[in-house]
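This is what each chain is made of:
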Amino acid sequence: MGDLLGVAVLGAGHMGADHIRRLDKVVSGARVAAVADPDLDRAKEAVAGLDGVTVHTDPLAALQAPGVAAVLVASPGPAHEEALLAAFERGLPVLCEKPMVPDTTGALRVLEAEARLGRRLAQIGFMRRYDAEYRRLKTLLDGGSLGRPLMLHCVHRNVSSPPGFTSAMLINSSVAHEIDAARWLLGQELTAVTVLRPASSAGAPEGLVDPQFVLFETEHGALVDVEVFVNCGFGYQVRCEAVCEAGSARIGDEHTMLVTRRGSATEEVAQDYLVRFADAYDREVQAWVDATRRGEVSGPSVWDGYAASAVAEAGVRALETRGRVAVGLAPRPDLYAEVSR
Ligand SMILES: NC(=O)c1ccc[n+]([C@@H]2O[C@H](COP(=O)([O-])OP(=O)(O)OC[C@H]3O[C@@H](n4cnc5c(N)ncnc54)[C@H](O)[C@@H]3O)[C@@H](O)[C@H]2O)c1
């Protein structure tokens, strides 16, 4: 056990419980050393059958538990700032679920705190960068054979939204993934946002603006459109088509078994992100564990987390004001690449 990276997992809900299972059963080189959740029963349930794990209601107590050498933050977004700053104070490497910090002011405080340390400690959980299809698309675009990317057409659909999901969350929770993926695929910052509102679906909860059509402009003139529809009712679908000067490439079509019979053909559609992106989460956490054990930090950075929050905040303002909103970014500290690869 001594050789394994001891991880404190903060939050034992959907993502936290899945990451605890992943650290225990899938990933090599790490073990769950402590879990914190204000709902102690949930924490206990998530670690049932695991040895050598302490459970806590206080996340800060989990950081100080015996054997903890790294932190995986899977609490709700508003709790991330406190967790990240506490990890930085203790010099603990962190993998933090998206959004890094939902409000830009808080995200900037985290950016400044890590920049003051003068070294990276945090990787942000934008797991699409670890998805095989996204990686192929990134490699293709970077290779240059399709020429300059001009547009990305993206689709993000969920079967249904969880209770309490707001119209703003379509942007700062769901489209947050497209924001990071677009920055990463294009290697450009997003500079302005416009949000259009088609008629809301009768399948959406009363008052929720769902679907939405989000349009991003980028610093070198590309356009990124996202259809986000979180109560589509039929499946979890994430697609992206890059249209370039010399061709186009699309990912995210269902790659499951196609069954044809009696005049129709049917294909399965994933019902949830834990299924669609299972491999991406596995690779993300394994890459984090491997880098941490080597004493390195890789993957999406705190700058990427901050930029995503700033773009999402502009997006929410664009939704509310029904206008085009420019994105304002603070100066980028030297510690960070423009868009980390
Ligand atoms: N990467 C992805 O694809 C993806 C998908 C879903 C959710 N997420 C992110 O994961 C995080 C958790 O989402 P979820 O769906 O698991 O939510 P959830 O509501 O299912 O679980 C959150 C858990 O955190 C606990 N909690 C609340 N405050 C806490 C604190 N201060 N410290 C520790 N635990 C606390 C809650 O009691 C709950 O058990 C969010 O940031 C969310 O945006 C990421």
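This one's a predicted model, so the numbers in the text were calculated from it and none came from an experiment.

Around the ligand, the surrounding shell holds 24 residues, and the nearest of these are M15, D37, R42, K98 and Y281. The contact in question runs from a nitrogen atom of the ligand to an N or O atom on the backbone of G11, over 3.5 Å. Isolated, the ligand exposes 850 Å² of accessible area, and the fraction of that covered by the protein chains is 80%. Its residues assigned to classes, the shell around the ligand shows 12 nonpolar, eight polar and four charged.

To continue, consider the sheet that holds strand 3 (residues 54-56). Pairing within the open sheet is parallel, and its six strands lie in the order 3-2-1-4-5-6. Edge positions in the sheet fall to strand 3 and strand 6 (122-125), since each of these pairs with one other strand and no more. For this sheet, the mean angle separating the axes of adjacent strands, direction not counted, is 25°. Taken together, the three bridges between strand 4 (residues 70-73) and strand 5 (residues 94-97) define a ladder with parallel strand orientation. Considered in strand 5, the bridge of V73 is made with C96.

Time to look at the packing of helix 6 (residues 132-143) against helix 7 (residues 167-186). Their axes nearest at 9 Å, the elements helix 6 and helix 7 cross at an angle of 35°. Counted together, Y134, R135, L137, K138, L141 and D142 of helix 6 and A181, W184 and L185 of helix 7 form the full contact between these two elements. By residue class, the composition of the contact of helix 6 with helix 7 is six nonpolar, no polar and three charged.

We now examine unusual backbone geometry. Here the residue pair K98 and P99 is connected by a cis peptide bond, since its omega of -15° sits within 30 degrees of zero. Residue D210 is joined to P211 through a cis peptide bond whose omega torsion reads 10°. Inspection of the secondary structure puts P211 in the loop between strand 8 (190-196) and strand 9 (212-218). Positive phi, close to 40°, is recorded for R262, a residue that is not glycine. You can see R262 is positioned in the loop between strand 13 (258-261) and strand 14 (264-267). Judged by its relative accessible area of 85%, R262 is exposed. Even without a glycine there, the phi angle at R322 is positive, about 60°. Along the chain, R322 turns up in the loop between helix 10 (302-321) and strand 15 (325-326). In this structure R322 comes out as exposed when scored by relative accessible area, which is 60%.

So, on to the sheet that holds strand 10 (residues 223-229). If you trace the seven strands from one edge of the open sheet to the other, you get 12-11-7-10-9-8-15, paired in mixed fashion. Lying at the two open borders of the sheet, with one neighbouring strand each, are strand 12 (247-251) and strand 15. Relative to strand 9, strand 8 runs antiparallel, the two sharing six bridges. The residue of strand 9 that forms the bridge with T194 is L215. Taken strand by strand, helix 7 contacts strand 7 (149-157), strand 8, strand 9, strand 10 and strand 11 (237-244), and its axis lies near 145° from that of strand 7.

Procedures and definitions
- Residues numbered from 1 in each chain as written.
- Predicted model: local features only at pLDDT ≥ 70, side-chain atom pairs only at ≥ 80, totals over all residues.
- Heavy atoms only, no water.
- Near = heavy atom within 4 Å.
- Polar contact = N/O pair within 3.5 Å; in protein donor to acceptor, adjacent residues only side chain to side chain.
- Areas by Shrake-Rupley, 256 points an atom, 1.4 Å probe, with all protein chains shown as cover.
- Nonpolar A, V, L, I, M, F, W, Y, C, P; charged D, E, K, R; others polar.
- Pairing = 2+ DSSP bridges.
- Helix = DSSP H or I, 4+ residues; strand = E, 2+ residues; numbered from the N terminus.
- Axes fitted to C-alpha atoms, helices over the stretch in contact; angles between N-to-C directions.
- Contact = heavy atoms within 4.5 Å.
- Buried < 20%, exposed > 50% of the residue type's maximum accessible area, 1.4 Å probe, protein only.

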